[in-house]
Amino acid sequence: MTVTETEVVLEAEGLTKHFPVRRGLRDLLTRDHKAVHAVDDVRLTLRRGRVTALVGESGSGKSTVARLLAQLYGRTSGEIRLHGEPITVHGGRKFRAYARRVQMIFQDPFASLNPTHTVRYHLTRSLRIHGRAGDLEENLRDLLNQVQLTPPERYLDKFPHELSGGQRQRVSIARALGADPEALLADEPVSMLDVSIRLGVLNLLRDLKERLNLAILYITHDIASARYFADETLVMYAGRMVEGGDSETVTQHPAHPYTRLLIESAPDPDRLGELSKPEDQAGGEPPSLIAPPSGCRFNPRCVHAMPKCSTDLPPRFELPTAGHWAACWLYEEGAAK
Ligand SMILES: Nc1ncnc2c1ncn2[C@@H]1O[C@H](COP(=O)(O)OP(=O)(O)OP(=O)(O)O)[C@@H](O)[C@H]1O
């Protein structure tokens, strides 16, 4: 791997987002400031030419992380660095300059494309906003070629409803590429597509990562696809990161009980009929994020929970494989595994 491939593009440290809960009259009287603890103390690094998967079940805070990184949401605390420089933008020209380098792809390509406008309109707008409208026709053709919608002439004047789900998502990707970004934040980019076309879109993203040396954040609830598609995998539970490392290690040798549960719960034809879920003690309910459990947030569900787990927040413990870590007291030196 060359140095440029591992160049850090975007980093987050201590990234935290608490959404205030709308207060009722009683809360006003008691001055009770409730908040949804959607994301707490998240640290991650996106590098050129690498895909980083962020995996977790619904409500674990994955989309909020992506929106914080895209600076679509203001953060409660923490730092975001672009090429090592701390950066905060609140819309306007500074946001546009940021979005030129960090683009987001959303889950639902139908909702993110305007049904009254053609592919040409969407892509032209992106190129214009990002100052790349010189040689417009050539750039439009180039964008469609990049996402393998060929010949481009067949697609340019189509409306979103005339395209398949996979083609629409390719147009969304082309629109993001119109900015010529360094990082792509892909929030469940294939989860709304038919199973049969998901692989094609993931292969396209992988091809773009390699050809354009992009840093990609791939958000998914499907840990099996992370193994296939991502270089590195981070696992999130109830707003906190619980495990990370290279994808092969995290998916083949998961350390955190929650990661093991995710893998056990993934559909696997070889395991049909095995109904017990030994890693899940509490029957599969994630906790309230308004009053999250103290200590490790997974402790009420964890079959390995020790007294300490409900009182002390586990730090990241390094594991034998380089770069592999788990925030779990089982890995404290001397703890029985
Ligand atoms: N704008 C908001 N206001 C209040 N709470 C929010 C807001 N956006 C998200 N949340 C809450 O924050 C938590 C994390 O949500 P988020 O959408 O980031 O999770 P997710 O892992 O992406 O889930 P999904 O896969 O279902 O999109 C959830 O409890 C959600 O209800």
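Scroll up to find the structure this text is about.
Parameters and conventions
Each chain has its residues counted from 1, running along the sequence as written. Reporting in this predicted model follows two pLDDT cut-offs: at least 70 for local features of residues, and 80 or more for side-chain atom pairs to be given and counted; totals over whole chains, interfaces and linings ignore these cut-offs and use all residues. With hydrogens and water stripped out, all remaining heavy atoms of the structure feed into the side-chain values. By convention in these notes, a residue is near a molecule or strand provided one of its non-hydrogen atoms lies within 4 Å of it. Under the rule applied, a polar contact is a pair of N or O atoms within 3.5 Å (in protein, one hydrogen donor and one hydrogen acceptor; residues adjacent in sequence only if both atoms are side-chain atoms). For the accessible areas, the method is Shrake-Rupley and the probe is 1.4 Å, while residue cover comes only from the protein chains on display. Only DSSP runs of H or I covering at least 4 residues are called helices, and only runs of E covering at least 2 are called strands; the numbering of each starts at the N terminus. Throughout, the ten residues Ala, Val, Leu, Ile, Met, Phe, Trp, Tyr, Cys and Pro are labelled nonpolar, Asp, Glu, Lys and Arg are labelled charged, and all others, Gly among them, are labelled polar. What makes two residues a contact is simply this: any of their non-hydrogen atoms within 4.5 Å. Stacked, edge-to-face and tilted are the three classes for Phe, Tyr and Trp ring pairs, Trp counted by its six-membered ring, which pair at centre distances within 6.5 Å; planes under 30 degrees apart are stacked, over 60 edge-to-face, the rest tilted. Think of it in three bands: with a 1.4 Å probe and only protein chains considered, a residue is buried below 20% of the maximum accessible area for its type, exposed above 50%, and partly exposed in between.

Q: Even after reading the chapter, I still don't get the site of the ligand, so can you show me in this structure?
A: Near the ligand lie 14 residues; those nearest to it are Ser58, Gly59, Lys62, Ser63 and Thr64. In the environment of the ligand, an oxygen atom lies 3.0 Å from a nitrogen or oxygen atom belonging to the backbone of serine 60. Computed on the free molecule, the ligand has an accessible area of 630 Å², of which 61% lies beneath the protein chains in the complex. Elements with a contribution of two residues or more to the shell around the ligand: strand E2 (35–47) and helix H2 (62–69). The greatest single-element share of the shell around the ligand, amounting to 3 residues, is contributed by H2. Residue composition of the shell around the ligand, grouped by class: 5 nonpolar, 6 polar and 3 charged.

Q: Just to check I follow, could you spell out the side chain of serine 172 for this structure?
A: Tracing the sequence through the fold places serine 172 in helix H8 (residues 165–177). Among all residues touching serine 172, those that are not within four sequence positions of it are Pro109, Ser112 and Leu113.

Q: I would appreciate a short explanation of the packing of aromatic side chains in the present structure.
A: What describes a pair of aromatic rings is the distance from one ring centre to the other and the angle between the planes of the rings. Here the structure, examined in full by the defined rule, presents 6 aromatic pairs. Between the aromatic rings of phenylalanine 19 and tyrosine 73, the centroid separation amounts to 5.5 Å while the plane-to-plane angle is 85°, which identifies the pairing as edge-to-face. Of this pair, phenylalanine 19 sits in strand E1 (residues 8–20) while tyrosine 73 is found in the loop between H2 and strand E4 (77–82), placing the two residues 54 residues apart along the sequence. Its relative accessible area of 26% is what places phenylalanine 19 among the partly exposed residues. According to the relative accessible area criterion, tyrosine 73 is partly exposed, its value standing at 31%. Taking the centre distance of 4.6 Å and the plane angle of 50° together, the rings of tyrosine 237 and tyrosine 258 count as tilted. Taken together, the residues span a long stretch of sequence, with tyrosine 237 in strand E9 (residues 232–237) and tyrosine 258 in helix H12 (residues 257–265) at a distance of 21 residues. By relative accessible area, tyrosine 237 is classed as buried at 2%. Here a set of aromatic residues connected by ring pairs shows up, and it is made of Tyr237, Tyr258 and Phe298.

Nothing here speaks to function; it is all geometry.
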